[in-house]
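A closer look at the structure
The primary structure of each chain is shown beneath.
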Amino acid sequence: MSEPSNPPTLPLPLAETAAPDRLVRPLLVLARWAEEFTARRRARRTDAGPSIWEPIHLGTDEDGREVRIPLIYRNMLLAGEPGAGKSVGLNNIVAHAALATDCRLWLFDGKIVELGLWRSCADRFVANSLDDAIAALLDLQSEMDSRYAVLDDERRRKIAPADSVPPIVVVLDELAYFSATVGTKREQEAFSVLVRDLVARGRAAGIIVVAATQRPSSDIIPTSLRDLFGYRWAFRCTTDASSDIVLGHGWASRGHSAASVAPETKGIGFLLAEGGVPRRIKAAHLSDEQVYALAERAALRRLAAGIAEHTGDQDLDDATGGAA
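Residues numbered from 1 in each chain as written. Predicted model: local features only at pLDDT ≥ 70, side-chain atom pairs only at ≥ 80, totals over all residues. Heavy atoms only, no water.

Overview of the packing of aromatic side chains
Where we set the bar: For Phe, Tyr and Trp, rings pair up if their centres lie within 6.5 Å, where Trp contributes its six-membered ring, and each pair is then called stacked (planes under 30 degrees apart), edge-to-face (over 60) or tilted (otherwise). Here a helix means four or more residues in a row that DSSP labels H or I, a strand means two or more in a row labelled E, and each is numbered from the N terminus. Classification of residues uses two cut-offs on accessible area relative to the type maximum, computed with a 1.4 Å probe and protein chains only: under 20% is buried, over 50% is exposed, and between them is partly exposed.
For the structure shown, the criterion picks out 4 aromatic pairs. Ring plane angle 75° and centroid distance 5.8 Å describe the contact between tryptophan 53 and tyrosine 73, whose orientation is recorded as edge-to-face. Residue tryptophan 53 is found in the loop between helix H1 (26-48) and strand E3 (56-61), and its partner tyrosine 73 is found in the loop between strand E4 (66-69) and strand E5 (76-79); the two are separated by 20 residues along the sequence. When its relative accessible area of 22% is taken as the criterion, tryptophan 53 is described as partly exposed. Ring geometry for tyrosine 177 against phenylalanine 178: centres 5.3 Å apart, planes inclined by 90°, an arrangement best described as edge-to-face.

Brief notes about the sheet that holds E3
Strand pairing in a sheet takes place through backbone hydrogen bonds and is either antiparallel or parallel in direction. The condition is simple: One bridge is not enough; two strands pair if DSSP finds at least two bridges between them. Working convention: axes come from line fits to C-alpha atoms, limited for helices to the stretch in contact. Angles between N-to-C directions cover 0 to 180 degrees. Working rule for contacts: check all heavy atoms of both residues, and any pair within 4.5 Å makes them a contact.
Judged by pairing direction, the sheet is mixed, and its 10 strands sit side by side in the order E4-E3-E12-E11-E10-E5-E9-E8-E6-E7 without closing on themselves. Each of the sheet's edge strands pairs with one partner strand only, and the pair in question is E4 and strand E7 (124-126). Looking at each pair of strands side by side, their axes are set apart by 25° on average, direction ignored. Its contacts with the sheet put helix H4 (residues 130-153) on strand E6 (104-109), E7, strand E8 (168-173) and strand E9 (207-213), and the angle it makes with E6 is roughly 150°. Helix H8 (residues 240-247) rests against E5, strand E10 (231-235) and strand E11 (268-272) of the sheet, and its axis sits at about 160° to E10.

Considerations on the pattern of salt bridges
Here is the rule we go by: Here a salt bridge means any side-chain nitrogen of Lys or Arg lying within 4 Å of a carboxyl oxygen belonging to Asp or Glu.
On inspection of all chains with the given rule, the structure shows 19 salt bridges. Here glutamate 81 ties to arginine 236 by a salt bridge, and the two come within 2.7 Å at their closest N and O atoms. Placement of glutamate 81 in the loop between E5 and helix H2 (86-99) and of arginine 236 in the loop between E10 and H8 is noted, with a sequence separation of 155 residues between them. Looking at glutamate 81, the relative accessible area reads 21%, which means it is partly exposed.

Thoughts on the confidence of the model for the protein
Let me state the cut-off plainly: Per-residue confidence from the predictor is given as pLDDT, running between 0 and 100.
Per-residue pLDDT for the protein has a mean of 86; in total, 80% of the residues score no lower than 70. Low pLDDT, under 50, characterises residues 310-324; the predicted model gives this stretch 34 contacts beyond four residues in sequence or across chains.

Side note on the pairing of strand E12 (residues 279-283)
Bridge analysis of E3 against E12 gives 3 bridges, and the strand direction is antiparallel. From the neighbouring strand, threonine 60 faces E12, where its bridge partner is lysine 282. Where E11 lies against E12, 4 bridges are found, and the strand directions are antiparallel. Its bridge partner being in E12, isoleucine 268 is matched across the sheet by lysine 282. The hairpin turn running from E11 into E12, its antiparallel successor, is 6 residues long, and glycine 275 in that turn takes a positive phi close to 70°.

Re H2
Rules: A helix's residues, less one, multiplied by 1.5 Å, set its expected span.
Taking 1.5 Å of rise per residue, 14 residues should cover 20 Å, and H2 covers 20 Å from first to last C-alpha, within 8% of that figure. Of all 14 residues making up H2, 12 are buried, and the element is well covered by its neighbours. Among the residues of H2, Lys86, Gly89, Leu90, Asn91, Asn92, Ile93, Val94, Ala95, His96, Ala97, Ala98 and Leu99 are the ones counted as buried.

So, the environment of cysteine 121
Mapping cysteine 121 onto the fold places it in the loop between helix H3 (113-116) and E7. Here the alpha-carbon distance between cysteine 121 and leucine 303, two residues 182 residues apart in the chain, equals 8.7 Å. Leave out the neighbours within four places in its chain, and cysteine 121 touches Ala98, Leu105, Ala295, Ala298, Ala299 and Arg302.

A few points about the nonpolar core
Just so we agree on the cut-off: What makes a nonpolar core is a set of buried Ala, Val, Leu, Ile, Met, Phe, Trp, Tyr and Cys residues whose side-chain atoms join them at distances within 4.5 Å.
Met76 and Trp118 are the most contacted members of the largest nonpolar core, which totals 48 residues. Among the elements that make up this core, the one with the highest residue count is H2 (7 residues). If near-sequence neighbours (up to four positions away) are discounted, methionine 76 is found in contact with Leu58, Ile69, Leu71, Ile93, Val209, Val210, Ala211, Phe229, Tyr231, Trp233 and Leu271.

Let's talk about helix H6 (residues 185-201)
Residues separated by three or four positions in an α-helix point in the same direction, a consequence of the helix having 3.6 residues per turn. With 17 residues, H6 should cover 24 Å at 1.5 Å per step; its first-to-last C-alpha distance of 24 Å lies within 8% of that length. Along H6, the residues that are buried comprise Gln188, Phe191, Leu194, Val195, Asp197, Leu198 and Val199. Packing partners of the buried residues in H6 comprise H4, E8, helix H5 (175-181), E9 and helix H7 (223-226).

See the structure below:
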């Protein structure tokens, strides 16, 4: 039996680019391979578009590093006073979900125009009708229960990318409009109970809730609801107490308060991820023109993928709620 050949010793020659017998440090080889792999992956993602299973780009931190978070199996709460930049942060999330053809998009917008730009991308769009909002949440609850029944039959704990069941991204803006402004007290409570149930149980079933409000107060964001959100993003708040309502009690006293954000610095807030420390970040800015362009591109992508069942061609002046 022949003796096994000895393994090559390091450093290794780089055959493609190096001259014969030239030795190259292995870390340089690995670095080049990593760069080529990243470039190919970026090119594939550009062609295929983003995926809801990939991290979402939110902006940059104080050190200039890109901030990307995985949203799958998680929920997010965004809050801050009017004009603080909450809509900028929300548009980054909606843009990623709209461009991702491997998820469904349900939009709830009491002001109609805030998320109205994305209505052509939504599988369901609810405007300023609390009755329609409750009906849509009941449908989501029924879908969630059906998914859990299938998972239970298959002895599994959560959906996976290989499943034929797409995640559903549910965006609620403005939360206070539905839970404290319109409708009767009983209807508002019914809405809040349904939202809490989706946030509490929907993650493993692939139902992602992103809720936003301009009123970070205890009646709009009770502790029992806030603590269910894995991500909390507090934009400028008027007081330390308001910041703590979003991030959690005690963070302001430890130097992490959205009340410290200057009024002229829009889009800056504190992001708290699961089990971490709030990070001061600036949301990636999207102009109105960029949002329009992204919404049009996303609508065309969804139409080509055969999932744009609702085109949202209803005039905004006539919209009073319900599916687009």
